[in-house]
Amino acid sequence: MMKRTVLSLVSASLLFGAVAAHANTPAYVDSKEYKALLDSSRFATNPSTAAAQLLKDLSTRLAALKFDKTVTGSFSAGDRDTLAYYDTAHSCSLYGRGYTVRTRAGDHSDIQFKFRHPDEELSYWTDVSGAGKNKDTKFETDVTPGNLVLAHSTKQDFTTTPATVSGLISQFPGASALSDISSASLSAVGGVTVTQQEYDGPVADIGQSVAEFTLTLWYVNNAATPSLAELSFRVEADEDSYFTTPVLTRSQTLNKAIGSIGNNWNIANDGGKTSWLYAYRSAAYPNGFCN
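Conventions adopted
- Residues numbered from 1 in each chain as written.
- Predicted model: local features only at pLDDT ≥ 70, side-chain atom pairs only at ≥ 80, totals over all residues.
- Heavy atoms only, no water.
- Phe/Tyr/Trp six-rings, centres within 6.5 Å; stacked < 30°, edge-to-face > 60°.
- Lys NZ or Arg CZ within 6 Å of the ring centre and 35° of its normal.
- Helix = DSSP H or I, 4+ residues; strand = E, 2+ residues; numbered from the N terminus.
- Buried < 20%, exposed > 50% of the residue type's maximum accessible area, 1.4 Å probe, protein only.
- Lys, Arg positive; Asp, Glu negative; His and termini not counted.
- Salt bridge = Lys/Arg side-chain N within 4 Å of Asp/Glu carboxyl O.
- Contact = heavy atoms within 4.5 Å.
- Disulfide = S-S within 2.5 Å.
- Pairing = 2+ DSSP bridges.
- pLDDT = per-residue confidence, 0-100.
- Expected span 1.5 Å × (residues − 1).
- Axes fitted to C-alpha atoms, helices over the stretch in contact; angles between N-to-C directions.
- Parallel < 35°, antiparallel > 145°, perpendicular 65-115°, else oblique.
- Left-handed = near helix turned anticlockwise from the far one by under 90°.
- Nonpolar A, V, L, I, M, F, W, Y, C, P; charged D, E, K, R; others polar.
- Polar contact = N/O pair within 3.5 Å; in protein donor to acceptor, adjacent residues only side chain to side chain.

**Q** For this particular structure, what's the right way to read the packing of aromatic side chains?
**A** For any two aromatic rings, the description comes down to two numbers: the centre-to-centre distance and the angle of the planes. Tallying each qualifying case throughout the model produces 16 aromatic pairs. Chaining the aromatic ring pairs together yields one cluster made of Tyr85, Trp218, Trp276 and Tyr280. Above the plane of the ring of Phe243 lies Lys32, whose end atom (NZ or CZ) is 5.1 Å from the centre. Just above the ring of Trp265 sits the side chain of Arg42; from NZ or CZ to the centre is 3.8 Å.

**Q** Even after reading the chapter, I still don't get the side chain of Lys32, so can you show me in this structure?
**A** Summarising the element assignment, Lys32 is placed in strand β1 (residues 31–38). No salt bridge is formed by the buried Lys32; its nearest oppositely charged neighbour, Glu120, is found at 6.8 Å. Those residues in contact with Lys32, other than ones at most four positions away along the chain, are Thr141, Phe233, Arg234, Val235, Phe243 and Leu248.

**Q** Even after reading the chapter, I still don't get the state of the cysteines, so can you show me in this structure?
**A** The tally for this structure, following the rule as stated, stands at one disulfide. Here Cys92 engages in a disulfide with Cys290; their sulfurs sit 2.0 Å apart. Here the S-S torsion is close to -95 degrees, and the disulfide linking Cys92 with Cys290 is therefore left-handed. Residue Cys92 is located in the loop between β3 (76–87) and α2 (93–96), and its partner Cys290 is located in the segment after α6 (273–279); the two are separated by 198 residues in the primary sequence.

**Q** Would you mind going over the pattern of salt bridges with me for this structure?
**A** It is possible for side chains bearing opposite charge to pair when their charged atoms get close. According to the stated counting rule, one finds 12 salt bridges in the structure shown. With its nearest N and O atoms 3.1 Å apart, the salt bridge here joins Arg234 to Glu33. Of the two residues, Arg234 is situated in strand β11 (residues 228–236) and Glu33 in strand β1; the sequence distance between them amounts to 201 residues. In this structure, Glu230 engages Lys273 in a salt bridge whose closest nitrogen and oxygen atoms are separated by 3.0 Å. Placement of Glu230 in strand β11 and of Lys273 in helix α6 is noted, with a sequence separation of 43 residues between them.

**Q** What am I meant to see in the pairing of β1 here?
**A** Side-chain direction in a regular strand flips from residue to residue, so the side chains alternate between the two faces of the sheet. Among the eight residues in β1, eight count as buried, and that is most of the element. Along β1, one buried face is formed by Ser31, Glu33, Lys35 and Leu37 and the opposite face, lined by Lys32, Tyr34, Ala36 and Leu38, is buried too. The sheet contact formed by β1 and strand β6 (residues 136–144) spans four bridges and is parallel. If you follow Glu33 over to β6, its bridge partner there is Asp142. Relative to β11, β1 runs antiparallel, the two sharing eight bridges. Paired with Ala36 across the two strands is Leu231, which belongs to β11.

**Q** Quick question: what am I supposed to make of the pairing of strand β5 (residues 109–117) here?
**A** Pairing geometry for strand β4 (residues 99–106) and β5, over seven bridges, is antiparallel. Bridge pairing in β5 links Thr103 to Ile111. A loop of two residues connects β4 with β5, the two strands running antiparallel in sequence. Two strands pair when backbone bridges link them, and β5 and strand β7 (residues 147–157) are joined in this way by eight bridges, in the antiparallel orientation. Residue pairing for β7: Ile111 is matched across the bridge by Gln156.

**Q** Got a minute to help me understand the confidence of the model for the chain in this structure?
**A** Note: predicted coordinates in regions of low pLDDT should not be interpreted at a detailed level. With 91% of its residues at a pLDDT of at least 70, the chain reaches an overall mean of 91. Note that pLDDT drops below 50 for residues 1–22; the model gives that stretch 54 contacts with residues more than four away or on any other chain.

**Q** Honestly, helix α1 (residues 47–64) in this entry has me stumped. Any pointers?
**A** A turn of α-helix holds 3.6 residues, and therefore any two residues three or four places apart point the same way. Its 18 residues give α1 an end-to-end C-alpha distance of 26 Å, which sits within 8% of 26 Å, the value for a rise of 1.5 Å per residue. Looking only at α1, the buried set comprises Pro47, Ala50, Ala51, Leu54, Leu55, Asp57, Leu58 and Leu62. Where α1 is buried, its residues touch β1, β2 (71–72), β9 (194–205), β10 (210–220), β11 and α5 (245–259). Where α1 terminates, the next one or two residues include Lys66, which has phi positive at roughly 60 degrees.

**Q** Sorry, what's going on with the packing of α1 against α5 here?
**A** Axis angle and axis distance: for two packed helices, these are the angle between their axes and the distance between the axes, and together they describe the pair. Two elements in contact, α1 and α5, have axes separated by 9 Å at closest approach and are oriented at 125 degrees. On the basis of the axis angle, α1 is oblique to α5. Classified by chirality, the crossing of α5 by α1 is right-handed. Of the residues in α5, those touching α1 at Leu58, Arg61 and Leu62 are Thr253, Leu254, Lys256, Ala257 and Ile258. For the contact of α1 with α5, the residue count by class is five nonpolar, one polar and two charged.

**Q** I keep staring at the side chain of Thr244 and nothing clicks. Help me out?
**A** Mapped onto the fold, Thr244 is located in the loop between β11 and α5. Within the structure, Thr244 has its side chain in polar contact with the side chain of Gln208 (distance 3.2 Å).

So this is what it looks like as structure tokens:
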């Protein structure tokens, strides 16, 4: 794929020693993901029925916004995985520097090391390299109703959960920027695991590309009802035309729709799944994991 930039070029060598001296080569995102949190109680009894109503209400909202393309398909149950995020308890040293670590087991088995920052080139040039098998590195734009960041991540085969930052560095050499806290212990964020159930199927024609919708439900510690629900859609970059203006314009219409569906679907203060988990108050961390 071609490398193109959306923002001005900036030196990326200033953050915590994480970035080597580069000649400001233009950055390029592989995809854009737009997401909004929903009222999870709507999915407590019959998630499939609620998902169908959600899609109906979304279509109504898009019609009101005069969306000039179509949404086809319906939600059906997809991947199911158990997730855990890891950081330093009470200090959240990784998160404070823009990093997250997540393990996944079930329909997928991998560990992911991610850096997120509003500055495109800073995120692009921050090293997130891995040393495991089947490595996959990607660079994405993550958009929530109140925030936009660039996410640079590597996922690879999951072997062992790193117990310390030093153990993380051995799996992801890019984490060497955290060497000053290498002896710090890593714990599951919130002291919990999350069962993630995805529903996919609907797609929206947006011109030279398509928007692929996913409904994600999070069940904390095997609870019977979900504590979090998120509606998102992903648009992949075209290797020839990147993101055309019509594709970007229609993506913004879809983004406005999922952020204000109506019928009491959306919740306030939407910061995304990861920030929600970091703020989650569990029996193990009644004041929050970072306090």
